[in-house]
Every structure is written in structure tokens, then in C-alpha cells.
Amino acid sequence: MSKLPPRRPTLAVYSGTFDPITNGHIDIVQRAMHLFDKVIITIARNANKTPLFSLEERVDMIRTCFLDETERIEVDVMSGLLVEYATRRGATAIVRGLRAVSDFDYEMQLALVNRKLERQIDTVFLMAGLRWVFLSSSMVRDVARHGGDTSGLVPSHVRAALKNKFL
Ligand code: COA
């Protein structure tokens, strides 16, 4: 019987602004790791957003979340088109989290545009855990800005970083 060629490791890209990373994002990454051998979390430079945290701060916060998984999770920064980045990195999929039906229209549009641009890259949607469907980075920033408690929404090092920003 002829031997099958070795399977190429599966690689996915999870992109966003991550200002800051939340427990909802972490949940999506952990679930993507059940499907892919490696996940690249990439911070997209977004001209339409003025982030609270610098790129370096966001990279550090994400890395700290996954210190035990450095073999399988990479943190990177990108500009330009996500599909071009994914192709350059040898990824076959873009991971997106769906929190509610309200995310669907935008996500479908994004997935279709990305597919039009690059047919080799598929978008894989993961439903956010029920506990996180209400969560977004701007909501977390808002809670912190007004002195609210962000524990349970973000990891402890992110909570500390938020406290520092709004001292
Ligand atoms: N848990 C918690 N929050 C979540 C979440 C989850 N599972 N999924 C999404 N969110 C939140 C994010 O925190 C973000 O909150 P904010 O608006 O308060 O900052 C919001 O939902 C939107 O997130 P996302 O859809 O990831 O938007 P983004 O602006 O961070 O990134 C991309 C959008 C993917 C388009 C951008 O990152 C990108 O890749 N740009 C490259 C250019 C490109 O290729 N564009 C598409 C082709 S036209």
C-alpha cells in the first residue's frame, strides 16, 4: 500500500484590534486550537480606530495570555489586507468569532469579500461562548474608564493594565 504524504500542519489567522484582548477573544483562540495545529493572532492596524493601548502593549498582553502555548500560538502585527497576510503566512483559514445575530451581516460580507479576493482562504466562524456574547473591547474600556471592575471580563494582567491607564 502506498504511503500517504505527510499532512501539512494546519494554520489559521485570527485578526482583530485587541484593544485590549478579552476573555471572549481567548475563548475563540482556545477553541480554534482544537481545529488547527497553529493559530496566528495578528493585530491589524486599523486607521478607523484610535487604540487606547499601543501595538507593543497589545502584543505583550496577548503573549502573556498564551505563555504555555508558544509553540502553537504566534502573536504578530499586520497592515494591509488580511487575506494577503494569511496567504503570505501559509494559512488556509481565517477564524472569526460570532457573538450574536447582529454580527452576522457584517461577518458574511467580510467573508465573501475575502473569498472574492482569495479563494484559497476559507473563513471559519466559531460561536462565542454564551458567557461572552455581550463582550467587546470598547465595553471593557468603558467599564475601566469609569472605575468599574473588569475582573471576569479580561485576564488579571489586562485588568491591571487598564487600571494603570485610568489612574
Ligand atoms: N469576544 C469579545 N469581543 C469580540 C469578539 C469576541 N469573541 N469578537 C469580536 N469582538 C469585538 C472586538 O473586541 C471589537 O470590539 P471594539 O469594536 O469594541 O474594538 C469588535 O468586536 C469588532 O471586532 P472585529 O470584528 O475583530 O474588528 P476589528 O476592527 O478588531 O478587526 C478586521 C476587523 C478583521 C477587518 C481587521 O482586523 C482586519 O483584519 N483588517 C485588515 C484589512 C482587511 O483585510 N479588511 C477586510 C477586507 S475589506
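Residues numbered from 1 in each chain as written. Predicted model: local features only at pLDDT ≥ 70, side-chain atom pairs only at ≥ 80, totals over all residues. Heavy atoms only, no water.

The next thing to look at is unusual backbone geometry. Generally, phi is negative for residues other than glycine and the peptide bonds are trans, each holding for most cases. Cis geometry is found at the peptide bond from D19 to P20, where omega equals 5°. Its identity is not glycine, yet F18 carries a phi of approximately 50°, on the positive side. Mapped onto the elements of the fold, F18 is located in the loop between β1 (11-16) and α1 (23-35). (Helix = DSSP H or I, 4+ residues; strand = E, 2+ residues; numbered from the N terminus.)

Within the largest apolar cluster, 32 residues are counted, with the highest numbers of intra-cluster contacts made by I21, I41, I62, F66 and V95. If you list the elements that add at least two residues to this core, you get β1, α1, β2 (38-44), α2 (55-65), β3 (73-78), β4 (93-98), α5 (137-145) and α6 (156-165). Counting residues per element, this core draws most heavily on α1, at five residues. When near neighbours in sequence (up to four residues on either side) are disregarded, I62 contacts F18, I21, I41, I43 and V75. The next biggest cluster of nonpolar side chains, apart from the first, holds 12 residues, and it includes M78, L82, V83 and Y85. (Core = buried A, V, L, I, M, F, W, Y, C linked by side-chain atoms within 4.5 Å. Buried < 20%, exposed > 50% of the residue type's maximum accessible area, 1.4 Å probe, protein only. Contact = heavy atoms within 4.5 Å.)

Another aspect to go through is the pattern of salt bridges. For the coordinates displayed, the defined rule picks out 12 salt bridges. Where D37 meets R7, a salt bridge forms, and the shortest distance between an N and an O atom there is 3.5 Å. Of the two residues, D37 is situated in the loop between α1 and β2 and R7 in the segment before β1; the sequence distance between them amounts to 30 residues. Judged by relative accessible area, which is 61%, R7 ranks as exposed. With a shortest N-O distance of 3.2 Å, K165 and E57 are connected by a salt bridge. Taken together, the residues K165 in helix α6 and E57 in helix α2 connect sequence positions 108 residues apart. A relative accessible area of 34% means that K165 is categorised as partly exposed. (Salt bridge = Lys/Arg side-chain N within 4 Å of Asp/Glu carboxyl O.)

Taken together, 24 residues are adjacent to the ligand, and S15, T17, L82, R96 and S138 come closest. Here an oxygen atom of the ligand sits 2.7 Å away from a polar atom, N or O, in the main chain of T17. Isolated, the ligand exposes 940 Å² of accessible area, and the fraction of that covered by the protein chains is 81%. No other element matches the four residues that helix α4 (residues 101-117) contributes to the shell around the ligand. Across the shell around the ligand, the residue classes tally to eight nonpolar, 12 polar and four charged. (Near = heavy atom within 4 Å. Polar contact = N/O pair within 3.5 Å; in protein donor to acceptor, adjacent residues only side chain to side chain. Areas by Shrake-Rupley, 256 points an atom, 1.4 Å probe, with all protein chains shown as cover. Nonpolar A, V, L, I, M, F, W, Y, C, P; charged D, E, K, R; others polar.)

Moving on, we get to the pairing of β2. Counting buried residues along β2, six of its seven residues qualify, which places the element largely inside the surrounding structure. Bridging between β1 and β2 involves six bridges; their strand directions are parallel. If you follow A12 over to β2, its bridge partner there is V39. A crossover links β1 with its parallel partner β2, the connecting element being α1, and its sense is right-handed. Two elements, β2 and β3, share six bridges in a ladder whose sense is parallel. (Pairing = 2+ DSSP bridges. Right-handed = clockwise from strand over helix to strand, strands pointing away.)

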